[in-house]
Amino acid sequence: MSAPSAPSAASAPQEPQGTPKVSEREARQVAEAAREQGWRKPSFAKEMFLGRFRLDLIHPHPMPASEDVKRGEQFLTKLREFSETRIDGARIEREARIPDEVINGLKELGALGMKIETKYGGLGLTQVYYNKALALVGSASPAIGALLSAHQSIGVPQPLKLFGTQEQKDTFLPRLARTDISAFLLTEPDVGSDPARLATTAVPDGDSYVLDGVKLWTTNGVVADLLVVMARVPKTEGGKGGITAFVVEAGSPGITVENRNAFMGLRGLENGVTRFHQVRVPAANRIGPEGAGLKIALTTLNTGRLSLPAMCVGAGKWCLKIAREWSAAREQWGRAVGRHEAVGAKISFIAATTFALEAVVDLASQMADEDRNDIRIEAALAKLYGSEMSCLMADELVQIRGGRGFETADSLAARGERAVPAEQMLRDLRINRIFEGSTEIMHLLIAREAVDAHLSVAGDIIDPEKSLSDKARAGAQAGRFYARWLPQLVTGPGRLPGSYAEFHPAGHPDLSTHLRYVERNARKLARSTFYAMSRWQGRMETKQGFLGRIVDIGAELFAMSAACVRAELMRTSGDHGREAYQLADVFCRQARIRVEELFTRLWSNTDDLDRKVVNGVLAGTYTWLEAGIIDPSGEGPWIADATPGPSRRENVHRPIH
């Protein structure tokens, strides 16, 4: 369950030269080895997937320290003024580039060092305030939000913070805090979420490594000063080899940025194709030991993924603002369009979902700051849920705006109307369902973590390479585990009408009923997972439709829990408590409808029929259905050749100083 099933040989595109050939099993083993194996700290989401609703892990809602709040609010004030006076989002959209003076202004503000400790010249913001800053600046220009996020969430600072030596931190972090932009280079033309096929190499040579290869979709790569590069080190007598992480100076001889890529959205994104040819990197720039690169990348993403849903929160807030203002001003059939039920339902969805998504991000971020819980699943759920729901909210805003939603902001302004970039928001948000792990990969990643306890005790039973004695031992171990675990799934607090009574204060909607629903359905989710594993055993990893629905149910239950806990926090702190309870109640009722549908679709679906149709499509059975159209696509290979060698292209690298 670490990666999707491979396409058939007949349908697979020709692989570029130099791409390692690996079997499906080998690919899964590489991904599995990169996982963080242990669970040293409790996890609310992990427990929830096991049918245990540990409300005590998230309630009372964790709170930031007063000094962290003061420092964070002071920076947000400065960033808001900068965003309002120095950032022209419409210009960035028109010119498809962030002006150099804006980037230099962000440097002067300290925005490059939001997450870097003060002793290295950074601002030392918490995850909570870092995310609030991204939501704020991302609302002014999503391209700027992406630049800052790629630099700090997955770029050089975070891997160094977690795995770097003191010398590396002293050398690079002061630069990264104030002047140097960083980028993260993992993806290759024929390597996405399947890192076992990574083709870029780093060959040891004395006190250096020599890098060769091509990296694709290098966000910030066009303007970066420092790169974190994942490359395959060959096994040697003195080293274990494997995929390894390096800090690389972007201006090193042999590095060429061969193309600045253009996309349907995020037009100011400095994303490119980077070629390495005989690039020498000091061994001192290696992060961690050889072979630790994927583990470093995945651990970095544990909290790094929270930046993306943070910007989705900002998008939701903007969608709500525009929907409110437009729907009150626009009249049809004698009343404001927002008063019509068909439009009002969309506004309610945007408001309730924005509240819940902010609850999810703030809760996961504060948990990350406190470092008491393992939040790898929570962060992944936040990324998955935020990216999917924000796209739905933006789509609903376009529908509410009607023809004006489809019209560009420049066109609206040209004919005398308010320049509302609704269609741009929809385009900009679309990439979030692909960035930092597509929705499909996130389903598989989260599902793998969700069934970790089962595989730990019973994995050997379904492993074809295990001996009969190994299977027998695993069977005995599994018997003991399930004898204790299964009875816990029969009943719980969700069956008791008085449970979670503090969430039903007088004069407020009753949120306790939603928490009881979450508790009951967490147990139902665990029973469904156990039944599926018993039914399909080793074939479970191929049931990606089922696994995706399991994860989506978990995401809804997590969001419901976070919304209720946030509402109670706001009530007890006197901060719009009644309104928060109302939004949480509406969100939970909407989410329950989605959960019921997902549970139904676990067992009533077209997955098997879909598979037959797909096999027919890939075999060419239905090519007659494609008749009568013209394909406007240009000529060329499906995947660009990434054979190592010197560049034949102009270097479009443009560092900003």
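Described below are features of the structure shown in this document. Owing to the predicted nature of the structure, the values given are computational and were not obtained by experimental measurement.

Rules used throughout
- Residues numbered from 1 in each chain as written.
- Predicted model: local features only at pLDDT ≥ 70, side-chain atom pairs only at ≥ 80, totals over all residues.
- Heavy atoms only, no water.
- Helix = DSSP H or I, 4+ residues; strand = E, 2+ residues; numbered from the N terminus.
- Rg over C-alpha atoms; globule rule 2.2 N^0.38 Å.
- Buried < 20%, exposed > 50% of the residue type's maximum accessible area, 1.4 Å probe, protein only.
- Contact = heavy atoms within 4.5 Å.
- Areas by Shrake-Rupley, 256 points an atom, 1.4 Å probe, with all protein chains shown as cover.
- Lys, Arg positive; Asp, Glu negative; His and termini not counted.
- Charge placed at Lys NZ, Arg CZ, Asp CG, Glu CD.
- Pairing = 2+ DSSP bridges.
- Axes fitted to C-alpha atoms, helices over the stretch in contact; angles between N-to-C directions.
- Parallel < 35°, antiparallel > 145°, perpendicular 65-115°, else oblique.
- Nonpolar A, V, L, I, M, F, W, Y, C, P; charged D, E, K, R; others polar.
- Patch = residues over 30% accessible without salt bridge, like charges linked within 9 Å, V, L, I, M, F, W, Y side chains within 5 Å.
- Salt bridge = Lys/Arg side-chain N within 4 Å of Asp/Glu carboxyl O.
- Expected span 1.5 Å × (residues − 1).
- Phe/Tyr/Trp six-rings, centres within 6.5 Å; stacked < 30°, edge-to-face > 60°.
- Lys NZ or Arg CZ within 6 Å of the ring centre and 35° of its normal.

### Section: the overall build of the protein
Tallying secondary structure elements over the protein gives 23 helices and ten strands in all. Computed over its C-alpha atoms, the radius of gyration of the protein comes to 25 Å, within 12% of the 26 Å expected for a compact globule of 657 residues. Considered along the principal axes of its C-alpha atoms, the protein spans approximately 75 × 70 × 65 Å. Per-residue burial for the protein yields a buried fraction of 54% across its 657 residues. Residue pairs in contact within the protein that sit at least 24 positions apart in sequence constitute 77% of those at least 6 positions apart. Surface summary for the protein: the accessible area is close to 29,300 Å², and the carbon and sulfur share equals 54%. Separation between the mean location of the 82 positive side-chain charges and that of the 80 negative ones in the protein comes to 4 Å.

### Some points on the pairing of strand β3 (residues 208–219)
Taken residue by residue, a regular strand's side chains alternate between the two faces of the sheet. Of all the twelve residues making up β3, eleven are buried; the element is thus mostly covered by neighbouring parts of the structure. Remark: two residues form the turn of the hairpin made by strand β2 (residues 201–205) and β3, two consecutive strands paired antiparallel; G206 in that turn has positive phi of roughly 65°. For β3 and strand β7 (residues 271–282), the ladder comprises nine bridges, and the chain directions are antiparallel. Its bridge partner being in β7, S208 is matched across the sheet by P282.

### Some thoughts on the packing of helix α17 (residues 439–450) against helix α21 (residues 544–572)
Put simply, α17 and α21 touch, their axes get as near as 9 Å, and they point 75° apart. Judged by the angle between their axes, α17 and α21 are roughly perpendicular. From α17, H443, L444, I446 and A447 reach across to α21, where they touch Q544, L547, G548, V551 and D552. Partitioning the contact of α17 with α21 into residue classes produces five nonpolar, three polar and one charged.

### Notes on a nonpolar patch on the surface
A cluster of nonpolar residues, V613, V614, V617 and L618, forms a patch on the protein surface that exposes about 320 Å² of accessible area. Counting through the fold element by element, L618 comes out in helix α23 (residues 607–619).

### Let's talk about the packing of helix α6 (residues 127–140) against helix α7 (residues 142–154)
At a minimum axis separation of 6 Å, α6 and α7 run at an interaxial angle of 150°. In terms of axis orientation, α6 runs roughly antiparallel to α7. Counted together, Y130, L134, V137, G138 and A140 of α6 and P142, I144, G145, L148, S149, Q152 and S153 of α7 form the full contact between these two elements. A breakdown of the residues in the contact of α6 with α7 according to their chemical character gives seven nonpolar, five polar and no charged.

### Section: helix α20 (residues 512–536)
Look at α20: 36 Å from first C-alpha to last across 25 residues, which is about the 36 Å you get at 1.5 Å a residue. A positive phi of about 50° marks Q537, the residue just after α20.

### Some thoughts on the packing of aromatic side chains
Scanning the model with the defined rule gives 13 aromatic pairs in all. An angle of 75° between the planes, with centres 5.0 Å apart, marks the rings of F481 and Y482 as edge-to-face. When the ring of F481 is compared with that of W485, the centres are 5.9 Å apart and the planes differ by 20°; the resulting orientation is stacked. Within this pair, F481 and its partner W485 are both found in helix α19 (residues 468–485), separated by four residues, close to a single helical turn. Judged on exposure class, the residue F481 and its partner W485 are both buried. Three or more aromatic residues joined by ring pairs form one cluster here, namely F44, F53, Y500 and F558. Seen from the ring of W39, K46 lies directly overhead, with NZ or CZ sitting 5.4 Å from the centre. Across from the ring centre of F599, 4.3 Å away, lies the NZ or CZ of K524, which sits over that ring.

Worth remembering: the numbers are spatial, not functional.
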